Amino acid sequence: ITSISNVLSDVNLAGANVEIGPYYVLGTIIDDPQATYGNCTIGDLDGNEIYIYGLYGQYGDRYDALLDEQPKKGDTVLVFGKAVLYQRNAASELLPELKNVKVQRVYKTASIPDATAAGSALADNAVTEEEFTVIGKIAATPNATYGNTTLTDADGNTLAPDNTGAFQYAMEQALFNPLG
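Rules used in this analysis
- Every chain begins its residue count from 1, and numbering advances along the sequence as written.
- Residues qualify for local features only when their pLDDT is at least 70, as the model is predicted, and side-chain atom pairs are given and counted only at 80 or more; totals for whole chains, interfaces and linings, by contrast, use all residues.
- Side-chain descriptors were evaluated using all non-hydrogen atoms of the structure, hydrogens and water having been removed beforehand.
- In this description, strands pair whenever DSSP reports at least two bridges between them.
- Secondary structure elements follow DSSP: runs of H or I no shorter than four residues count as helices, runs of E no shorter than two count as strands, and numbering proceeds from the N terminus.
- The cut-offs for exposure are 20% and 50% of the maximum accessible area for each residue type, with area from a 1.4 Å probe on protein chains only; residues under the lower value are buried, those over the upper are exposed, and the others partly exposed.
- Taking the helix axis as origin, the arc is that swept by the directions to the C-beta atoms.
- By the convention used here, residues are in contact when the closest approach between their heavy atoms is within 4.5 Å.
- Distance and chemistry together define a polar contact, namely a pair of N or O atoms within 3.5 Å, with one atom able to donate a hydrogen and the other to accept it when in protein, and with adjacent residues in sequence counting only for side-chain atoms on both sides.

Undergrad: For this particular structure, what's the right way to read the pairing of strand β3 (residues 49-56)?
TA: The side chains of a regular strand alternate between the sheet's two faces. Taken together, the four bridges between strand β2 (residues 40-43) and β3 define a ladder with antiparallel strand orientation. Within the sheet, the bridge partner assigned to C40 lies in β3 and is I52. Taking the residues between adjacent antiparallel strands as the criterion, β2 and β3 are bridged by five residues, where G47 takes a positive phi near 90°. In this sheet, strand β5 (residues 95-107) lies alongside β3 in parallel orientation, the contact comprising five bridges. Paired with L55 across the bridge in β5 is V101.

What follows is the structure in structure tokens.
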């Protein structure tokens, strides 16, 4: 997985209208995707943003054909596609974008306070049927034995491994990646 900041750096080095990649990129959709093609902007926890020109399903279905599976504003997506520093004409502004990407996975994210509240409401040793995906930066060195660590989100909320509502042992399929 390539961070948004690295993709931005790569397209700037390549120059205008040169397609590079492909890349796997993880980011959160920060505006409402356009209804037909899903054009939107994704961002990371460091404030980096990149425009997506064409958001397709994993098998090439156009955004408007995805029906119930359409990624929405606030969802975190893992996408795959080429990047370009697009320039419509010599007088126009350069726009870094990921072009005609395929969505590999959509993560319906929960805030740290919401995930912690759900965990705190459970009885001892109970497990929710609902999956929670929390996006944050690793704020402490992970425990060498179990990998337990503290996450911090963009609002400064923390999810510490000693918090009984923090799903401290439920890091199945955790995706550790620098989002910046």
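Undergrad: Help me understand helix α2 (residues 112-120) in this model?
TA: Every α-helix winds through 3.6 residues per turn, so residues three or four apart in the chain are directed the same way. What α2 keeps buried is the set I112, A115, T116 and G119. Along the long axis of α2, the arc covered by the buried residues comes to 95°, so they all point the same way. Taken together, the buried residues of α2 touch β7 (151-152) and β8 (158-159). If you check the start of α2, you find a side-chain oxygen 3.1 Å away from the backbone N of D114, and it comes from S111.

Undergrad: For this particular structure, what's the right way to read the sheet that holds β8?
TA: Backbone hydrogen bonds hold the strands of a sheet together, and the pairing may be parallel or antiparallel. With antiparallel pairing, the three strands of this open sheet are ordered in space as β6-β7-β8. Two strands close off the open sheet at either side, each with one partner strand: β6 (137-138) and β8. The sheet contact formed by β7 and β8 spans two bridges and is antiparallel. For T152, the partnering residue across the bridge sits in β8 and is T158.

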